[in-house]
Number of protein chains: 4
Amino acid sequence: MTLPSPLSGVVPPVCTPLTPDNEVDVASLVRLVDHLVAGGVDGLFVLGSSSEAAFLPDRHRAVVVDTVVRHVAGQLPVLAGAIDMATLRVLDHARAAAEAGADGIVVTAPFYTRTHPAEIARHYRLVAGRCGLPVFAYDLPVSVHSKLGADLVLGLAAEGTLAGLKDSSGDEGAFREVVLGARARGDISGFSVLTGAELTVDSALAMGADGVVPGLGNVDPAGYARLYAYCRGGDRERARVEQERLCALFGMVRVGDPARMGGSSSALGAFKAALFLRGVIDCPVTADPQIPLSAEEVGRVGKFLAAAGLL
Amino acid sequence: MTLPSPLSGVVPPVCTPLTPDNEVDVASLVRLVDHLVAGGVDGLFVLGSSSEAAFLPDRHRAVVVDTVVRHVAGQLPVLAGAIDMATLRVLDHARAAAEAGADGIVVTAPFYTRTHPAEIARHYRLVAGRCGLPVFAYDLPVSVHSKLGADLVLGLAAEGTLAGLKDSSGDEGAFREVVLGARARGDISGFSVLTGAELTVDSALAMGADGVVPGLGNVDPAGYARLYAYCRGGDRERARVEQERLCALFGMVRVGDPARMGGSSSALGAFKAALFLRGVIDCPVTADPQIPLSAEEVGRVGKFLAAAGLL
Amino acid sequence: MTLPSPLSGVVPPVCTPLTPDNEVDVASLVRLVDHLVAGGVDGLFVLGSSSEAAFLPDRHRAVVVDTVVRHVAGQLPVLAGAIDMATLRVLDHARAAAEAGADGIVVTAPFYTRTHPAEIARHYRLVAGRCGLPVFAYDLPVSVHSKLGADLVLGLAAEGTLAGLKDSSGDEGAFREVVLGARARGDISGFSVLTGAELTVDSALAMGADGVVPGLGNVDPAGYARLYAYCRGGDRERARVEQERLCALFGMVRVGDPARMGGSSSALGAFKAALFLRGVIDCPVTADPQIPLSAEEVGRVGKFLAAAGLL
Amino acid sequence: MTLPSPLSGVVPPVCTPLTPDNEVDVASLVRLVDHLVAGGVDGLFVLGSSSEAAFLPDRHRAVVVDTVVRHVAGQLPVLAGAIDMATLRVLDHARAAAEAGADGIVVTAPFYTRTHPAEIARHYRLVAGRCGLPVFAYDLPVSVHSKLGADLVLGLAAEGTLAGLKDSSGDEGAFREVVLGARARGDISGFSVLTGAELTVDSALAMGADGVVPGLGNVDPAGYARLYAYCRGGDRERARVEQERLCALFGMVRVGDPARMGGSSSALGAFKAALFLRGVIDCPVTADPQIPLSAEEVGRVGKFLAAAGLL
């Protein structure tokens, strides 16, 4: 399909269900997509951080994009992460996504290597110039250890390099500068500004964001769809109440014992445990080398679901 | 060949010569290998950070390992970096390296994802258990944003997971703890402790390190081979003088204007410019999206070479 | 005066006007206080980061608290920063503030030393137990390099150690967790949750924050007072428009050339230049070793003022 | 006394013994100084990081400098840390140190505030220009979160601003650049380059460092004095053996449980426990809000002492 311009609404980063031996569980992935579509989302983002893209080999990535693009069959736009260290590697992923029929790609700044704003700009220009798909910048300092400045993003938007921004920096002040900067310029009217911040979707939309890419949207897509609808409809009070319910639900990301595992094992483990407990996926395993949640920790995920009315 | 146990001596991380359109320049790579072998090195490390592994797509990586393994034909051990974000992706690179005939692989902690010591240990165990090659831990906090603790490394060595350590942390105190810890244990006599620190090779060898993996060794392999020989022969004064000459030469890594490019563009650009000026490679280009050195900056690289007696 | 419980409204961090030789300019400070009071603020916070507390010796700090407390004479509550590295040094500042008549103190986590949550908790308990004034936690990771967790803050609130939080972390998701956590507990009803984020005041108040501590409030206190009133009155649209005007004004913090000075020199220099241009203070100098803005940069501050209708 | 030019030898950062209620224990401090002098050290550095300067209020700092300067009575040079956030606050400490008779001051880059190399240079120039004592730069990125570049340090040395460098960055490559840069210039012959790295003193002296400032030197000053003498005498083998004994002893810094306390509580707690167990000081307490070692942890400190032949 042609990507809406700007892309807006709820575009969850789709978790990647795995089998116990770390293969893509295609049947569960299809059920997850159905669950998201039934929840009322407006697009899908595969192979992002919440999809464990960093953990997935290329053959897994190919299965994911292919499965999801075929299954949605143009009902919804599908963005694909092209997560890798530098330009040529990103381009390989971008081409694979294009061949599989993705509608756009999502690309971080270079990482592993020490980088510089001039190199980041060159990276986006080279990727956009060669990949044949709209490119969304993915601002994720916690992973790539550099922050995309508002001026850099807006300049790349104005020259046609970037189609949108997926901001997972957690820096709402800087995010607002992009939103206001994009509105102030006459030349980037189709530019899409999306936030990855699960806990402040109502704020981001009130500021003027186009949409939201919530990892927690895997667990409760209908909740985020309602939240988006309330915000767009101007019903701020119901939006706040819905957002606060989702904030409480988000507490699940900390069920994992920090003495025993990192934040990724805990958060992605919780999302997958929740999808398993809700009957969406067959197996809650996360990709190696993440540490699995204990039975007690999974039990606590269940309590978060129950408290949010999701069990 | 069978990897020496422990691996020792000078094992430079081999630069990856590229053509102007960012393909691997095989002829230059072969000449570079000859240049290193002629310089008297004891092994080769391909696809490390100085090789621009982060920038190279898989097909480039394959060409590099294949070319170098075939060309050295067992004269020297060849280690190959398996640089990627997490276990399954690293294993793909490790298998490719094994098939091409590399003698060992070099693996960092997971990156991009937030990680934890328990996850790092699990990562090394899974990689070592499945790849069929000796595994060297690559400690590189500047790239992966976590530091491998001495206890972690020594424990993984004792259980047979790790064959060696390539320490590029720049933390000589922590490096010494590994050296002394390895010596103090009776159970890891073949464990190889290598430093990546170009400027303190004499110190590291005096502490008891087995060998050295200097990026600058591309430019002056004979210098590092002499330095190693002086250290092993107990000629501390000549070692110091040689090391200081190499320290002065290392100043080339800062020729690039920091207002215009990052540290990687400058340092890798300088090494390649030096190899070009010395007639070893045909083209000094670095991989996208790095910024090329200006003619003036290349000229300054030439002055460093001249001052070190290398032009 | 007795501190309101919770403290709410607009509580700007008061800039510290200096003479050209870096003494406190008492007459300008009094005029600045009058300017803030006339603007309709609800309290004053002296000796915070925007006050250049890190730069001010103890005698300057004493003059500031004494001048402001005397001048407001109980019309408004006055909080005083007690900014220092660890407990005993903080207590000296806290006692000085208490003697001068401040109504509460604002305290960061320990810094310079590497710290730990258990040490941070102990720090706040010791300070609160000995200083005789309500203690506000100051969450400022950019300065102290640790983040105050929501659980830590709420636990210290529940035990009576903390009277409030001044959150300048820029992490709106974590901020919301404190707001919601404080509301969910029955035992900390007087706990005050304040944000230091100039650009998202409307969002923070919509989430349930009690008040706002905007550095930019020095320049336009009436704007923040209007914004607060619109938010409290439920007039979201006028709040948004006012907030966006203030967002544009905030752009002044980047007038300083980053090749020539740090972010503090630029931002604090811009606030003081704006106060100078508006006729509130006699001299825009910032404390040593900050770099002064150039005439051209001051001119750009003037353009920001003019665009916001403040000249 | 007049400070030697360059200052050389072993200059331990003197711990600050405290009473159980966190007052300076003057009698213990005097015994500690005697213990250090008897151990053969060449100078004393009070109010550094190992002295808990960050934790000590000004009145404690004054007692420390005064006590030590009077007690050594010109037998040895005494450097005093002037540890604070920015210029004016540092100058207050510098003046106090000068009045008490210190022979030089040790000053970090500004901290708490975000800083810039131009501001760091201005800071050192203002401090040196006004304080009337030789100024040593203290490079301590772990505390102040910026690194002093070799060019910055050497430039400030050449213009007469800096008398020396105390490098606690742990970056031995960068340290060597300062050593070699200082030697290469004809204009800074009295500049003193000192390392704070306890574990690589033999390396640093072999590189050409003038001296060493080891926190562990409180516990075993005679060990460091022997190590220094062996190095200066060219007896590399005995130096290595002595250094390795000290490396093993240094393991005490990790006795504290990281789940319960930070690195400072553990390391400073271990040094003080060792001094207590050796009978040098009366009480091993560290300053608030540090967490005390448990009896079991103190017992492990004792085992380190015994293994090093110090009990």
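Residues numbered from 1 in each chain as written. Chains lettered and ligands numbered in written order. Predicted model: local features only at pLDDT ≥ 70, side-chain atom pairs only at ≥ 80, totals over all residues. Heavy atoms only, no water.

Looking at an unreviewed UniProt entry, chain A carries the name Dihydrodipicolinate synthase family protein, with the source organism given as Streptomyces antnestii. UniProt annotates chain A under Sequence similarities (unreviewed entry) with the comment "Belongs to the DapA family." (UniProt positions renumbered as here; feature names shortened; annotations may be inferred.)

Draft legend 1. Quick peek at the interface of chain A and chain B. Across the contact, 51 residues belong to chain A and 51 residues belong to chain B. Of the roughly 4100 Å² buried between chain A and chain B, counting both surfaces, carbon and sulfur atoms make up 57%. Where chain A touches chain B, the interface holds 10 salt bridges. We note a salt bridge from Asp288 of chain B to Arg130 of chain A, for which the minimum N-O separation is 3.5 Å. (Contact = heavy atoms within 4.5 Å. Buried area = accessible area lost by both parts, 1.4 Å probe. Salt bridge = Lys/Arg side-chain N within 4 Å of Asp/Glu carboxyl O.)

Draft legend 2. Local environment of helix α4 (residues 117–131) of chain C. Residue and element names in this part refer to chain C. Spanning 15 residues, α4 covers 21 Å between terminal C-alpha atoms, matching the ideal 21 Å at 1.5 Å per step. Taken as a whole, α4 has its buried residues at Glu119, Ile120, Ala121, His123, Tyr124, Leu126, Val127 and Cys131. Looking one or two residues past α4, Gly132 carries a phi angle of roughly 75 degrees, positive in sign. (Helix = DSSP H or I, 4+ residues; strand = E, 2+ residues; numbered from the N terminus. Expected span 1.5 Å × (residues − 1). Buried < 20%, exposed > 50% of the residue type's maximum accessible area, 1.4 Å probe, protein only.)

Draft legend 3. Structural view of unusual backbone geometry. Between Ser5 of chain B and the following residue, Pro6 of chain B, the backbone shows a cis peptide bond with an omega angle of 0 degrees. Relative to the elements of secondary structure, Pro6 of chain B occurs in the segment before β1 (9–10). Of note, the bond from Asp288 of chain C into Pro289 of chain C is cis; its omega dihedral lies within 30 degrees of zero at 5 degrees. Within the secondary structure, Pro289 of chain C is located in the loop between α11 (263–277) and α12 (295–307). A positive phi angle, close to 70 degrees, is found at Asn22 of chain A, a residue other than glycine. The residue Asn22 of chain A is located in the loop between β1 (9–10) and α1 (26–39) in this model. Looking at Asn22 of chain A, the relative accessible area reads 5%, which means it is buried. One non-glycine residue with positive phi stands out, namely His145 of chain B, at about 65 degrees.

Draft legend 4. Main features of the packing of helix α1 (residues 26–39) of chain D against helix α9 (residues 221–232) of chain D. All names here are of chain D. For the pair α1 and α9, interaxial distance at closest approach is 8 Å and the crossing angle is 25 degrees. Taken together, the axes of α1 and α9 are roughly parallel relative to one another. Where α1 crosses over α9, the handedness of that crossing is right-handed. Within the contact between the two elements, α1 uses His35, Leu36 and Gly39 and α9 uses Pro221, Ala222 and Ala225. For the contact of α1 with α9, the class distribution of residues is 4 nonpolar, 2 polar and no charged. (Axes fitted to C-alpha atoms, helices over the stretch in contact; angles between N-to-C directions. Parallel < 35°, antiparallel > 145°, perpendicular 65-115°, else oblique. Left-handed = near helix turned anticlockwise from the far one by under 90°. Nonpolar A, V, L, I, M, F, W, Y, C, P; charged D, E, K, R; others polar.)

Draft legend 5. How the structure looks around the UniProt feature "binding site: pyruvate" (unreviewed entry) in chain A. Residue and element names in this part refer to chain A. Listed under "binding site: pyruvate" (unreviewed entry) in the UniProt record, and renumbered for this structure, are Val213. Examined against the element boundaries, Val213 turns out to sit in the loop between β8 (211–212) and α9 (221–232). Residue class for Val213 comes out buried when judged on its relative accessible area of 2%. Not counting residues within four places of it along the chain, the set of residues in contact with Val213 comprises Val11, Pro12, Pro13, Phe45, Lys166, Leu194, Thr195 and Gly196.

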